[in-house]
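Spelled out from the first residue to the last, the chains are:
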Amino acid sequence: MTHETQPPAADGLLEVEELRTYFDIDEGTARAVDGVSFRLSRGRTLGLVGESGCGKSVTALSILRLVPAPPGRIASGRILFEGRDLLRLSAEEMRQVRGNRIAMVFQEPMTSLNPVFTVGSQIIEAILFHQKVTKAEARAQTVQLLRRVHLPASEERADAYPHQLSGGMKQRVMIAMALACRPDLLIADEPTTALDVTVAAQILDLLKELQADFGMSVLLITHDMGVVAETTDEVAVMYAGELVESASTRALFSQPRHPYTIGLFRSLPSLGRAQRRLAAIPGAVPSPLRFPAGCRFHPRCFLSRGRERCRQEEPQLRALVLATAGEPAHFSRCHFAEEAAEVEVEL
Amino acid sequence: MAREEENAEKRVEAAPRPSLALWQLGLRRLRRHRLAVAAFWVLVVLYLMMLCADFLAPYHYDNESRQHSYSPPTPVRFVRDGRLSRPYVYARSYTFDEYRRRVWVEDRSRPVPVRFFVKGDAYRLLGLFPAERHLFGLDRAEASGGSTGAAPGVPARLYLLGADARGRDLLSRLLYGSRVSLTIGLVGVAMTFVLGLLVGGISGYFGGRTDVVLMRTCEMFMMIPGFYLMLALRSALPPEMSSVEVYVLLVAIMSLIGWAGFARVVRGMVLSIRNREYVVAAQASGASHLAIIVRHVLPNTASYAIVALSLSIPGYILGESALSMLGLGIQDPHASWGNLLKEAMNVAQIRFHPWILLPGVCIFVTVMAYNFLGDGLRDAFDPRGLTREAG
């Protein structure tokens, strides 16, 4: 790894180092997350991008140690949160971190709320887990939180059941619940995927606004490059359990340096150009049970074109542009990253 | 744009919709289920009668009169000498005809009035307050003929539903017997409920080896045919026990058989609920295992549990009846519907004294009422139905 090229962690809130999360299933060991490292500074937003099944969500669950075990296990790595390795905490200590210091918003607002309790009581519950307050105080906080996430008629809505709210409202409730204890890190796992476009935009605006107000860091997991462009400071692109590219959002969008990232960009429709067939990446994400030899992306890669090196040698993540003040280094896991950098990508 | 949506939502809010909990929606649907409502009220009446058994029953369950063995229901008369009078009965005695059948003769010279709030056998109302007034009955002095000055012959007895072999009032015994038969289902189900939720919840939530061990244990219990297990367990234990001990034992035995099936279904539900996002969300907000099981997992099995349990109460009632009828349950002189039916095992008895089948009717009515109520609950609390209603 080429971590030495990164600037010394000024205020690295979260550092994930060589995280490996495996699932032992009947067919063998599925390497869902296979050596992922990244760093998230205080107050910043990191986008974790990739297709379905590339290990984004498992990475998020690993940080909270919520990977269902068995069959899942965190095989190795370190997850440093404010310098403490979360993987070494006791179950009780970990519970103090969850929801309190690190909170999570899930993809499906429809199913993330318990249908048999009012939304208010579920937020109150989350507050009471971590704060020594009376129920009445917790309720007052809850109404405030709901107002804070712009839930209309928040006082009455606190007594509503999940089925009485729309998807967007439920996601606001989920965000309010996540913010209940003013966490330092918010993990948002595809928070807008299940919502329609206009509501999704509002939720993203809300997240940005709250992030600024609360000064928290956000790990935003998404497959949507548009969402990344709009909300993140830095991006890490995942493919087949590994990071394939990471850079500041601006750098990545101005010049992607991995053929997979380029493929993601090309598969986006763009305005202004007449009827061009979208260039989908051929094939599908390989099964985490059997990754291709050499570069894991080579069977789907437009740059590889059957080159021997791609099939034989596993590429390492390397810094192509060194870090400067306020700008992280640009990493790519491609033997021919320089070639990739030459490719024109119209956005 | 966000503002616009907010305004739109505020306008919707102008007509506030009452917040109905899922159970409220369920109750609303239940009320439309006529048969279930009727069954519910039948049960309410039965249980109220059970609570007031001492007061409603004209006699104590063990108050016998050998001279009135198998007395048929006493006719209550309202007309005397062509004029309306207060209700009264005649004292009756029997002789045998040539086929050794009982022939009942009324002593028409001596009407005995049926009195309300009459003093009779002493009891404790609701088990607390000593009392001796009964809703209705015969005054003891009047019944034995003391007040009319006639020679004390066979005393008058009030048997609205007939008498058993030892001349005990069947109505009184039915009322006292309901205390066993109506509560055994509830107590049994309560035990099944606790055991089933606990084992099913733990098994489904933690999975893995815990799950395997607990579920194989359940299957061991389910493997054995229930009735034989019941018989075996009962006969393994000493036959001379007080009625209270027998009662507790019966409940324990039946719960022991009943919990396994319930636990398995709960486990299946927990298994699916455990992986719902709101459980993961609760974990992510720092909830402990116990909090998650109690707050998030088990409440979501409630609609199933309520229905399954109300449908399984009849099983307990029938189980008690069966054991008592075979002489393994509640023992004479104590009454339960099952041991009252014991007398009806002989076809000849039924032929000549058909009223001894009445406990069977009581069991039938109760079991049917529970089944209808359970059906209604199932329809009303079906989660899919609920969301259809709510959506």
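Here is what the cut-offs are and how they apply
- Counting of residues starts from 1 at the beginning of each chain's written sequence and follows it residue by residue.
- As a convention, the first chain written is A and the first ligand written is 1, with the rest following in written order.
- The predicted origin of the model limits local features to residues at a pLDDT of at least 70 and limits the giving and counting of side-chain atom pairs to 80 or more, whereas totals for whole chains, interfaces and linings rest on all residues.
- Under the scheme used here, helices are H or I runs from DSSP no shorter than 4 residues and strands are E runs no shorter than 2 residues, and both carry numbers assigned from the N terminus.
- Exposure is read from a count of other C-beta atoms within 10 Å of each residue's own; the residue is exposed at 12 or fewer, buried at 20 or more and partly exposed in between. C-beta atoms are placed from the backbone.
- A strand pair is defined by DSSP finding two or more bridges across the two strands.
- Axis lines are fitted through C-alpha atoms, for helices just across the contact stretch, and the angle between N-to-C directions can take any value from 0 to 180 degrees.
- Here, a nonpolar core denotes buried Ala, Val, Leu, Ile, Met, Phe, Trp, Tyr and Cys residues that are linked to one another through C-beta atoms within 7 Å.
- Take the far helix as your reference; a near helix turned counterclockwise from it by less than a right angle gives a left-handed crossing, and one turned clockwise gives a right-handed crossing.
- By the convention adopted here, residues are in contact when the distance between their C-beta atoms, placed from the backbone, does not exceed 7 Å.
- Here the nonpolar group is Ala, Val, Leu, Ile, Met, Phe, Trp, Tyr, Cys and Pro; Asp, Glu, Lys and Arg are the charged ones; every other residue, Gly included, is treated as polar.
- Residue count minus one, scaled by 1.5 Å, sets the expected span of a helix.
- pLDDT is a residue-level measure of predictor confidence that goes from 0 to 100.
- Of all possible arcs, the one meant is that of the directions from the helix axis to the C-beta atoms.

**Concerning the overall build of chain B**
So, point 1. When its secondary structure is counted, chain B shows 16 helices and 4 strands.
So, point 2. The buried share of chain B, reckoned over its 391 residues, is 38%.

**What about the sheet that holds strand β2 (residues 83-96) of chain B?**
Residues and elements named next belong to chain B.
So, point 1. Reading across the sheet, the 4 strands line up as β1-β2-β3-β4 and stay open at both edges, with antiparallel pairing between neighbours. The strands lining the two open edges of the sheet, one partner per strand, are β1 (77-80) and β4 (129-138). When the angles between neighbouring strand axes are averaged without regard to direction, this sheet yields 55°.

**Brief notes about the environment of E137 of chain A**
Residues and elements named next belong to chain A.
So, point 1. Assignment of secondary structure puts E137 in helix α4 (residues 135-148).
So, point 2. Here E137 falls in the partly exposed class, since 14 other C-beta atoms lie within 10 Å of it.
So, point 3. Distance in space between the C-alpha atoms of E137 and I124 is 9.1 Å, their sequence separation being 13 residues.

**Here we look at the pairing of β2 of chain B**
Residues and elements named next belong to chain B.
So, point 1. Alignment of β1 against β2, held across 3 bridges, turns out to be antiparallel. Within β2, the residue paired with V79 across the bridge is L84.
So, point 2. The sheet contact formed by β2 and strand β3 (residues 102-125) spans 9 bridges and is antiparallel. The residue bridging Y88 from the neighbouring strand is P113, located in β3.
So, point 3. Following β2, the chain reverses through 5 residues before pairing antiparallel with β3; R100 in that reversal takes a positive phi of roughly 60°.

**A look at unusual backbone geometry**
Residues and elements named next belong to chain B.
So, point 1. With omega at 10°, the peptide bond leading from D332 into P333 counts as cis.
So, point 2. With respect to the helices and strands, the residue P333 is situated in the loop between α12 (302-325) and α13 (337-341).
So, point 3. Phi angles above zero are rare outside glycine, and Y70 is one such case at about 55°.
So, point 4. Although it is not a glycine, R100 adopts a positive phi angle of roughly 60°.
So, point 5. Residue classification places R100 among the exposed positions, given that 6 C-beta atoms sit within 10 Å.

**So, the sheet that holds strand β2 (residues 28-41) of chain A**
All names here are of chain A.
So, point 1. One open sheet accounts for 4 strands, arranged β2-β1-β4-β5; its pairing is antiparallel. Among the strands making up the open sheet, the edge pair consists of β2 and β5 (84-85).
So, point 2. Alignment of strand β1 (residues 12-25) against strand β4 (residues 72-81), held across 8 bridges, turns out to be antiparallel. The residue bridging L14 from the neighbouring strand is F81, located in β4.

**A few points about the nonpolar core**
So, point 1. By size, the foremost hydrophobic cluster in this structure holds 182 residues, and its most contacted members are A176 and L219 of chain A.
So, point 2. Element by element, the count of residues in this core is highest for helix α9 (residues 243-274) of chain B, at 15 residues.

**Observations concerning the environment of P87 of chain B**
All names here are of chain B.
So, point 1. With respect to the secondary-structure elements, P87 resides in strand β2.
So, point 2. Overall, the presence of 14 C-beta atoms within 10 Å leaves P87 in the partly exposed class.
So, point 3. Residues P87 and R115, 28 residues apart in the sequence, show an inter-C-alpha distance of 8.1 Å.

**Let's talk about the packing of helix α3 (residues 119-130) of chain A against α4 of chain A**
Residues and elements named next belong to chain A.
So, point 1. At a minimum axis distance of 9 Å, the contact between α3 and α4 shows a crossing angle of 115°. As α3 runs across α4, the sense of the crossing is right-handed. Residue-level contacts link G120, I123, I124, I127 and L128 of α3 to K135, A138, R139, Q141, T142 and L145 of α4.
So, point 2. Along the lines of polarity and charge, the residues of the contact of α3 with α4 split into 6 nonpolar, 3 polar and 2 charged.

**Let's talk about the packing of helix α8 (residues 226-236) of chain B against α9 of chain B**
All names here are of chain B.
So, point 1. Their axes nearest at 10 Å, the elements α8 and α9 cross at an angle of 145°. In the packing of α8 onto α9, the handedness of the crossing is right-handed. Listed contacts from α9 to G226, L229, M230, L233 and R234 of α8 are I253, M254 and I257.
So, point 2. Here the residues of the contact of α8 with α9 sort into 6 nonpolar, 1 polar and 1 charged.

**Focus: helix α7 (residues 197-214) of chain A**
Residue and element names in this part refer to chain A.
So, point 1. Across its 18 residues, α7 extends 25 Å between first and last C-alpha, which sits within 8% of the 26 Å expected from 1.5 Å per residue.
So, point 2. If you check which residues of α7 are buried, you get V199, A200, Q202, I203, L204, L206 and L207.
So, point 3. Count one or two residues on from α7 and you reach G215, which has phi positive near 65°.

**Overview of the confidence of the model for chain B**
All names here are of chain B.
So, point 1. Model confidence for chain B is summarised by a mean pLDDT of 81, while 89% of its residues fall at 70 or above.
So, point 2. Ranking the elements of chain B by mean pLDDT puts helix α1 (residues 2-14) last with 47 and helix α3 (residues 34-51) first with 92.
So, point 3. A low-confidence stretch, residues 8-16 (pLDDT under 50), is modelled with 6 contacts involving residues beyond four sequence positions or located in other chains.
So, point 4. Low pLDDT, under 50, characterises residues 147-151; the stretch is placed with 5 contacts to residues that sit more than four places away or in other chains.
So, point 5. Scoring of the predicted complex yields 0.69 for pTM and 0.75 for ipTM.

**Overview of α4 of chain A**
Residue and element names in this part refer to chain A.
So, point 1. Here α4 spans 19 Å end to end across 14 residues, near enough to the 20 Å set by a 1.5 Å rise per residue.
So, point 2. Considered for burial, the residues of α4 that qualify are T142, L145 and L146. Summarising the axial view, the buried residues of α4 lie within an arc of 95°, below the 170-degree limit, and thus occupy one face. Of the residues in α4, the exposed ones pointing more than 90 degrees away from the buried face are A136 and Q144.
So, point 3. Those residues of α4 hidden inside the fold are in contact with α3, α5 (154-157) and α6 (167-179).
So, point 4. Of the residues trailing α4, H150 is marked for its positive phi of about 60°.

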